[in-house]
Amino acid sequence: MMENFSLNAAQHSAAAIAPVSKMRGEKVAVFYGQKQALFEVDLDVYERQVTALIGPSGCGKSTFLRTLNRMNDTVEGAKVKGRITLDGEDIYDRAIDVVELRARVGMVFQKPNPFPKSIFDNVAYGPKIHGLARSKADLEEIVVTSLRKAGLFEEVKDRLDEPGTGLSGGQQQRLCIARAIAVAPEVILMDEPCSALDPIATATVEELIDELKQNYTIVIVTHSMQQAARVSQRTAMFHLGKIVEVGATEKMFQNPDDKRTQDYITGRFG
Ligand SMILES: Nc1ncnc2c1ncn2[C@@H]1O[C@H](COP(=O)(O)OP(=O)(O)O)[C@@H](O)[C@H]1O
Ligand SMILES: [Mg+2]
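Residues numbered from 1 in each chain as written. Chains lettered and ligands numbered in written order. Predicted model: local features only at pLDDT ≥ 70, side-chain atom pairs only at ≥ 80, totals over all residues. Heavy atoms only, no water.

Q: Give me the lowdown on the overall build of the chain, citing residues and values where you can.
A: Secondary structure summary: the chain contains 11 helices and 10 strands in total. Counting only C-alpha atoms and orienting by the principal axes, one finds that the chain spans roughly 60 × 55 × 40 Å. By the burial criterion, 48% of the 270 residues in the chain qualify as buried. Taking contacts inside the chain between residues at least 6 apart in sequence as the whole, the part at least 24 apart equals 66%. Accessible surface, the chain: about 13800 Å² in total, of which carbon and sulfur atoms supply 50%. Both charge centroids of the chain, one from 33 positive and one from 36 negative side chains, sit 4 Å from each other. (Helix = DSSP H or I, 4+ residues; strand = E, 2+ residues; numbered from the N terminus. Buried < 20%, exposed > 50% of the residue type's maximum accessible area, 1.4 Å probe, protein only. Contact = heavy atoms within 4.5 Å. Areas by Shrake-Rupley, 256 points an atom, 1.4 Å probe, with all protein chains shown as cover. Lys, Arg positive; Asp, Glu negative; His and termini not counted. Charge placed at Lys NZ, Arg CZ, Asp CG, Glu CD.)

Structure follows, in structure tokens:
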């Protein structure tokens, strides 16, 4: 039965795009003072894919997301246990420069939060801080390229010196994405990035996320099941501080194994 030993076309392409784990959480636990918010969470984040974190409010999605670039370090009384790696390297190791880590693992927040500066300076800020530009021309190049990658350049090219805060909500969020991209991140974390946007701006940002996954690894928290289904390849379902199910997005939405996932995606709680 020779054919059993040869790969069919689908298996060939699956092998060709076999996912590489870019970040890995192992037994991740987070405490806020006495209160434990995450319990022994294990999750692989695959390179150049979108991983969606879903689950009812308060289940620990944002808490987990923040462990991936040590944003919890800035939360008073928060303690992280377990192990989190980026390309196999422990990001909580003493030798890790947290500022550099947050450039490699960038973040986009729920509410667009441009600095009270010009559109140009919003994007130029990070590359300046990190010494990524050798000249003014270099810096301009980075700003323009980042705005292009964020799908915003055409809309703002004639007013780069105007305040970023003067843009529409959707444009502001794409500006924040351009700002994250400008420091050449490998991973981009997004915490409900469309929750303050109207449906048209949301669709634009979702299309952008879909494009960005060609070059970046993305982790997105979303309370919209439709959004998770539209933009992600892999979904992790959180409940009461634990991951109850993780897998291919298609399977999670069509045929989940866990009753809680099923109840959540069909709107029975959350
Ligand atoms: N800074 C904080 N201090 C104390 N408790 C917090 C803090 N942030 C989150 N929590 C608690 O941790 C749990 C998980 O919260 P969070 O990660 O924000 O959930 P989600 O993003 O899924 O809505 C909740 O019970 C929340 O109240
Ligand atoms: Mg949250």
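Once the structure has been displayed, the description carries forward.
Q: Explain the side chain of Thr-67 to me, using residue names and the numbers behind them.
A: Note that Thr-67 resides in helix H2 (residues 61-67). Not counting the four nearest positions on each side in its chain, Thr-67 is found in contact with Val-28, Val-30, Asn-72, Val-80, Ile-84, Ile-91 and Tyr-92.

Q: So what's going on with the side chain of Arg-179? Which residues, and what values?
A: Note on placement: Arg-179 falls in helix H7 (residues 169-181). Buried within the structure, Arg-179 lacks any salt-bridge partner; Asp-121 is the closest side chain of opposite charge, at an N-O distance of 12 Å. A distance of 3.0 Å separates polar atoms of two side chains, one belonging to Arg-179 and the other to Asn-113. With residues up to four places along the chain from it excluded, the contact list for Arg-179 reads Asn-113, Pro-114, Phe-115, Asn-122 and Val-123. (Salt bridge = Lys/Arg side-chain N within 4 Å of Asp/Glu carboxyl O. Polar contact = N/O pair within 3.5 Å; in protein donor to acceptor, adjacent residues only side chain to side chain.)

Q: An account of the sheet that holds strand E1 (residues 21-32) is needed here, citing residue identities and associated values.
A: With antiparallel pairing, 4 strands are arranged side by side in an open sheet as E2-E1-E4-E5. Sheet topology places strand E2 (35-46) and strand E5 (89-90) at the edges, where each strand pairs with a single neighbour. Bridge analysis of E1 against strand E4 (residues 78-86) gives 8 bridges, and the strand direction is antiparallel. When the bridges of E4 are listed, Tyr-32 appears paired with Ala-78. (Pairing = 2+ DSSP bridges.)

Q: Quick rundown of the pairing of strand E9 (residues 234-239)? Include the residues and the values.
A: When you tally the buried positions in E9, you get 6 out of 6 residues, the bulk of the element. Two strands pair when backbone bridges link them, and strand E3 (residues 50-54) and E9 are joined in this way by 4 bridges, in the parallel orientation. Bridging from a neighbouring strand, Thr-51 pairs with Arg-234 of E9. Where E9 lies against strand E10 (residues 242-248), 6 bridges are found, and the strand directions are antiparallel. The residue bridging Arg-234 from the neighbouring strand is Ala-248, located in E10. As consecutive antiparallel partners, E9 and E10 are separated by 2 residues, and within that stretch Leu-240 has a phi angle of approximately 50°, a positive value.

Q: Mind laying out the pattern of salt bridges, listing which residues take part and the relevant values?
A: If you walk through the whole model with that rule in mind, you get 19 salt bridges. Among the salt bridges present, the one from Asp-210 reaches Lys-213, with a minimum N-O distance of 2.8 Å. Overall, the relative accessible area of 35% leaves Asp-210 in the partly exposed class. Put simply, Lys-22, Glu-47, Asp-87, Arg-104 and Glu-186 are held in one network by salt bridges that share partners.

Q: Explain the sheet that holds E9 to me, using residue names and the numbers behind them.
A: With respect to topology, 6 strands assemble into an open sheet ordered E6-E7-E8-E3-E9-E10, the strand pairing being mixed. This sheet does not close on itself; its edge strands, each paired only once, are strand E6 (105-108) and E10. Averaged over all pairs of adjacent strands, the angle between their axes in this sheet comes to 20°, without regard to strand direction. Set on the sheet, H7 makes contact with E6 and strand E7 (187-191); between it and E6 the angle comes to about 170°. (Axes fitted to C-alpha atoms, helices over the stretch in contact; angles between N-to-C directions.)

Q: How would you summarise the packing of aromatic side chains if you had to cite specific residues and measurements?
A: For the coordinates displayed, the defined rule picks out 2 aromatic pairs. Look at Phe-64 and Phe-238: their rings are 5.8 Å apart centre to centre, the planes differ by 45°, and that puts the pair in the tilted class. Here Phe-64, found in helix H2, pairs with Phe-238, found in strand E9; they are 174 residues apart in sequence, far enough to count as distant. Grouping residues by exposure puts Phe-64 and Phe-238 together as buried. Judged by centre distance (5.0 Å) and plane angle (65°), the ring pair of Phe-115 and Tyr-125 falls under edge-to-face. Taken together, the residues span a long stretch of sequence, with Phe-115 in the loop between E6 and helix H4 (119-129) and Tyr-125 in helix H4 at a distance of 10 residues. The class of Phe-115 is partly exposed, set by a relative accessible area of 27%. Judged by relative accessible area, Tyr-125 falls into the partly exposed class, the value being 38%. When the ring centre of Phe-31 is taken as origin, the NZ or CZ atom of Lys-79, which lies over that ring, is 5.5 Å away. Here the guanidinium or amino end of Lys-242 rests over the ring plane of Phe-39, the centre of that ring lying 5.4 Å away. (Phe/Tyr/Trp six-rings, centres within 6.5 Å; stacked < 30°, edge-to-face > 60°. Lys NZ or Arg CZ within 6 Å of the ring centre and 35° of its normal.)

The quantities given are spatial measurements derived from coordinates; they are silent on function.
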